[in-house]
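# Examination of the molecular architecture
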Number of protein chains: 2
Amino acid sequence: MSRTEDHGDERPGSGGSLAHRVPDLGALELLLAVARVGSLGRAARELGITQPAASSRIRSMERQLGVALVDRSPRGSRLTDAGALVTDWALRIVEAAEAFDAGAQALRDRRDSRLRVAASMTIAEYLLPGWLVALRAQRPDTAVSLLAGNSTAVAERLLAGEADLGFVEGLTVPAGLDSAVIAHDRLVVVTAPSHPWARRRRPLAAEELAVTPLVLREEGSGTRQVLDAALGGLARPLIELSSTTAVKAAAVGGAGPAVLSELAVGEELGMRRLVRIPVQAVALARDLRAVWPTGHRPTGPARDLLSLTRG
Amino acid sequence: MSRTEDHGDERPGSGGSLAHRVPDLGALELLLAVARVGSLGRAARELGITQPAASSRIRSMERQLGVALVDRSPRGSRLTDAGALVTDWALRIVEAAEAFDAGAQALRDRRDSRLRVAASMTIAEYLLPGWLVALRAQRPDTAVSLLAGNSTAVAERLLAGEADLGFVEGLTVPAGLDSAVIAHDRLVVVTAPSHPWARRRRPLAAEELAVTPLVLREEGSGTRQVLDAALGGLARPLIELSSTTAVKAAAVGGAGPAVLSELAVGEELGMRRLVRIPVQAVALARDLRAVWPTGHRPTGPARDLLSLTRG
DNA sequence: TCCTGCTCATAAGCTCAGCTTATGCAACGC
DNA sequence: GCGTTGCATAAGCTGAGCTTATGAGCAGGA
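Residues numbered from 1 in each chain as written. Chains lettered and ligands numbered in written order. Predicted model: local features only at pLDDT ≥ 70, side-chain atom pairs only at ≥ 80, totals over all residues. Heavy atoms only, no water.

Let us now look at empty space enclosed by the protein. In this structure the tally under the stated criterion is three cavities of 30 Å³ or more. Of the pockets and cavities examined, the largest cavity occupies roughly 50 Å³. Lining the largest cavity are A:Val22, A:Pro23, A:Asp24, A:Leu25, A:Leu28, A:Ile93, B:Pro23, B:Asp24, B:Leu25, B:Leu28 and B:Ile93. Elements with a minimum of two residues in the lining of the largest cavity: helix H2 (25–37) of chain A together with helix H2 (25–37) of chain B. Per-class residue counts for the lining of the largest cavity are nine nonpolar, no polar and two charged. There is about 40 Å³ of room inside the second largest cavity. Around the second largest cavity, the lining residues are B:Thr122, B:Tyr126, B:Arg217, B:Thr223, B:Thr244, B:Leu260, B:Ser261 and B:Ala264. Looking at the lining of the second largest cavity, the elements with two or more residues in it are helix H6 (121–126) and strand S9 (258–261) of chain B. Broken down by class, the residue content of the lining of the second largest cavity amounts to three nonpolar, four polar and one charged. (1 Å grid on protein atoms, 1.4 Å probe; cavity = no way out; pocket = protein on both sides within 12 Å on 5 of 7 lines; lining within 4 Å. Points joined across faces, edges and corners; volume = space filled by probe spheres on them. Helix = DSSP H or I, 4+ residues; strand = E, 2+ residues; numbered from the N terminus. Nonpolar A, V, L, I, M, F, W, Y, C, P; charged D, E, K, R; others polar.)

This part is about the interface of chain A and chain B. One frequent convention defines the size of an interface as the accessible area lost when the parts assemble. Contacts between chain A and chain B engage 69 residues on the former and 71 residues on the latter. The interface formed by chain A and chain B contains six salt bridges. With its nearest N and O atoms 3.5 Å apart, the salt bridge here joins B:Glu95 to A:Arg273. Here chain A and chain B share 18 residue pairs in polar contact (both at pLDDT 80 or more) between them. Tallying contributions element by element places helix H5 (residues 81–108) of chain A first for the side of chain A that touches chain B, with 22 residues. For the side of chain A that touches chain B, the per-class residue count stands at 33 nonpolar, 14 polar and 22 charged. (Contact = heavy atoms within 4.5 Å. Salt bridge = Lys/Arg side-chain N within 4 Å of Asp/Glu carboxyl O. Polar contact = N/O pair within 3.5 Å; in protein donor to acceptor, adjacent residues only side chain to side chain.)

Turning our eyes to something else, we now look at the pattern of salt bridges. On inspection of all chains with the given rule, the structure shows 34 salt bridges over all chains. In this structure, A:Glu240 engages A:Arg224 in a salt bridge whose closest nitrogen and oxygen atoms are separated by 2.9 Å. Here A:Arg224 lies in helix H10 (residues 222–231) and A:Glu240 lies in strand S8 (residues 237–241), a separation of 16 residues in the sequence. Across the pair B:Asp24 and B:Arg57 runs a salt bridge whose closest N-O atoms are separated by 2.3 Å. Placement of the pair is B:Asp24 in the loop between helix H1 (18–21) and H2 and B:Arg57 in helix H4 (residues 51–65), with a sequence separation of 33 residues. Residues participating in the shared-partner salt-bridge network are A:Arg21, B:Asp101 and B:Arg136.

Given below as structure tokens:
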């Protein structure tokens, strides 16, 4: 059977899952190449495929999207208006894929690489891939390895000489490490748009937050520590989940209010899948810091990466 | 220019193009589903495929990335630490793909759909897809059609009754239309990091900008109009290009300083592919406005979309 | 204790997307 | 005219990813 979508229920007009409606990465890269060089054949050569392959791929992408993307002529190909739009949207996907790739590459090279980075989860998830892409642009030959864990684990690695540079998000700097603040983060309270809090007019008071069962990361996570400290006591968990993604998913699904890093919910807020609830007089800000063993100032690639993280 | 700079030959350890190193969308969606439901089989059912297909696909993704992503047990599957990171990075790609899909869907439904939107290029490229994703979350059954063009074209469509809601970025509101400011944008001067201006310590003066040949959008574009008005004369073009992407690519490639919307260069600045050059005493800010025919206040889906664009 | 139900893994076979090579046609410059 | 550049089409191959069928590990209830 060729069609897998007609045995689950599908909304008419939108066939199958995302993967069936969005061209694959190869096709998007090809489209970007065509936009850049102005010819199917040259774009094909650039990607190491043949001209007929490129021609057919672009054509099938146009069929999939139902829109003409390039104007072919015997003198080259230019994007149509719709093509220019699609190309820009495609660029966003490709950029996300580049960040993914940079992160995955770092994750793969666990050992024996030149720059070894240890980072806390939130930073590794939301900031590091972008930095790695930038670093690769500056120094294409530097292999980076990444180890993700909590603050304690990061400190251990650095002190054991198993990492060159660390990133942590706690309230305090682990002993034996020097640090530099590289960014600021803030915890935010979010709910699904359907939650009663989303229609509040007054900001939430700290006491209300403290007595309301919340969707939270597990105890011991940096987020949880900051929240407990800010509330001057213990937050009350409704559900405890072990990843930021799971917490977001639960909140979007309407499980209840969640507390998360601002970094983690940017997209959801923008798309109105989550709503930010203002909170009064609760210190939810925290510093994000680069750390290294006292005395060992970062040098070489570590210094480059560090300087990329500022500004 | 993307990551194809060593056109043809590949760096060892990084096989092939991006598409060969990054799993395809279907695999990423599957991974997200596994993370959400905690079992390969259930994730498979959710996506309408069989359990062995899911098993094999996750396995081949792990082989591709060289990292174990899920811990299988007879009681279900959980993400490994690396898996949690990868999942979050994957989410970014999937979100970009959702925006792409929302935009493409709107582009496809050119006619006879319920909500017809006309938007200027910059807005259509950088803001609209996110709004459409949000709108679809709120009203899944509203079909949206999109027409992209310059301010004049947007006004024409609205006045001809061929569009229900418009978005423009000019300095003035076309006659016959009411408007509401929905966001603010600003033109910025950017160069490649290697450009001498990137090492300036003093902000750029307006006169310097006016006499320097710049990489620009073509005459008649909104960006160009705002720039000319701000300089109190005509900007001097080094190259004129017909799309924002092309201008960015030229600037990144070191062709010269470019002037672009802040919206368009966020990623490039973050990744340090471009550097923002401060400018003194030049009014480069502009309002982004929603517009509609005077008297015809947006109603129904148009009103929903409008309210999504604020805040 | 054994059965039932959940999990995941493996095997064999099919289909289709996407690649290749080989060719043809159109437009431009010399 | 002829060579170059650009796109389209045709025929054939390969592999990724899907299916169905089956087996094996672990838990909980009768």
